[in-house]
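Residue strings, one per chain:
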Amino acid sequence: MPEHAATAPETTWAARVAGALLCLAVAAIHVVDQGGVTTTRDPYYVGVAYHVLEIVAVVTAVLLLLRLVRPGWLLATGVAVGPLLGYVFSRSSGLPDYSDDIGNWTETLGLVSLAVEGALLLLAAPAFVRSLRRRRS
């Protein structure tokens, strides 16, 4: 793959490091929330989703640090949006077989998670769009 196909010079080192750190923070928050790396939350599909998120967040951090910015920023956007949607659904209508968090909007770890994911989304989405524009020019 040619370098220009995956990297974008306008994505600064500082932005990539910040994105990588935010991805790792998302992973760490979810590891803490589920009770450790080897623990799987109930219901099972929620636990699996946590594990997938944590793995994708770590892979995304590596991609960003390796300057593979187009796939890195795309995945970073997903690492931010996925848990944001999960937070909203789990606290509003609930999820199938999972109603424990309905109405629990002010849980401390959840609010920290929202802040980290929001910051990641604000960084990643515009960076991904810039990487697409670079490809077309």
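All figures in this text were calculated on a predicted structure; none of them were measured in a lab.

Calculation rules
Residues numbered from 1 in each chain as written. Predicted model: local features only at pLDDT ≥ 70, side-chain atom pairs only at ≥ 80, totals over all residues. Heavy atoms only, no water. Salt bridge = Lys/Arg side-chain N within 4 Å of Asp/Glu carboxyl O. Helix = DSSP H or I, 4+ residues; strand = E, 2+ residues; numbered from the N terminus. Buried < 20%, exposed > 50% of the residue type's maximum accessible area, 1.4 Å probe, protein only. 1 Å grid on protein atoms, 1.4 Å probe; cavity = no way out; pocket = protein on both sides within 12 Å on 5 of 7 lines; lining within 4 Å. Points joined across faces, edges and corners; volume = space filled by probe spheres on them. Nonpolar A, V, L, I, M, F, W, Y, C, P; charged D, E, K, R; others polar. Phe/Tyr/Trp six-rings, centres within 6.5 Å; stacked < 30°, edge-to-face > 60°. Expected span 1.5 Å × (residues − 1).

### Describing the pattern of salt bridges
Evaluation of the coordinates by the stated rule reveals three salt bridges. Here Asp-33 and Arg-41 are joined by a salt bridge, their closest N and O atoms 2.9 Å apart. Connected via shared salt-bridge partners are Arg-91, Asp-101 and Glu-107.

### Details of unusual backbone geometry
Residue Pro-43 is bonded to the preceding Asp-42 through a cis peptide linkage, with omega at -5°. Take Pro-43: it is sitting in the loop between helix 2 (13-34) and helix 3 (44-65). Although it is not a glycine, Arg-67 sits at a positive phi angle of roughly 70°. Of note, Arg-67 is situated in the loop between helix 3 and helix 4 (69-91). At Asp-97, a residue that is not glycine, the phi angle is positive and equals roughly 60°. Its place among the elements puts Asp-97 in the loop between helix 4 and helix 5 (108-136). Given a relative accessible area of 74%, Asp-97 falls into the exposed group.

### As for the layout of surface pockets
Once rolled over the atoms, a probe with the size of a water molecule shows which space is left empty. Its boundaries defined by the atoms lining it, the largest pocket holds a volume of some 480 Å³. Looking at the largest pocket, it is lined by 26 residues, and the ones nearest its centre are His-30, Tyr-50, Pro-83, Gly-86 and Tyr-87. Contributions of two or more residues to the lining of the largest pocket are made by helix 2, helix 3, helix 4 and helix 5. Element by element, the count of residues in the lining of the largest pocket is highest for helix 4, at eight residues. Its residues assigned to classes, the lining of the largest pocket shows 13 nonpolar, seven polar and six charged.

### Some thoughts on the packing of aromatic side chains
Taken as a whole, this structure holds one aromatic pair when the rule is applied. With centroids separated by 5.8 Å and ring planes inclined at 70°, the aromatic side chains of Tyr-87 and Trp-105 adopt a geometry described as edge-to-face. Within this pair, whereas Tyr-87 is found in helix 4, its partner Trp-105 is found in the loop between helix 4 and helix 5, the two being separated by 18 residues in sequence. By relative accessible area, which is 7% here, Tyr-87 ends up buried.

### Thoughts on helix 2
Counted at 1.5 Å a residue, the expected span for helix 2 with its 22 residues is 32 Å, and the 32 Å between its end C-alpha atoms agrees. Along helix 2, the positions that sit buried rather than exposed are Ala-15, Arg-16, Gly-19, Ala-20, Leu-22, Cys-23, Val-26, Ala-27, Ile-29, His-30 and Gln-34. Directly beyond the C-terminal end of helix 2, a positive phi value near 95° is found at Gly-35.

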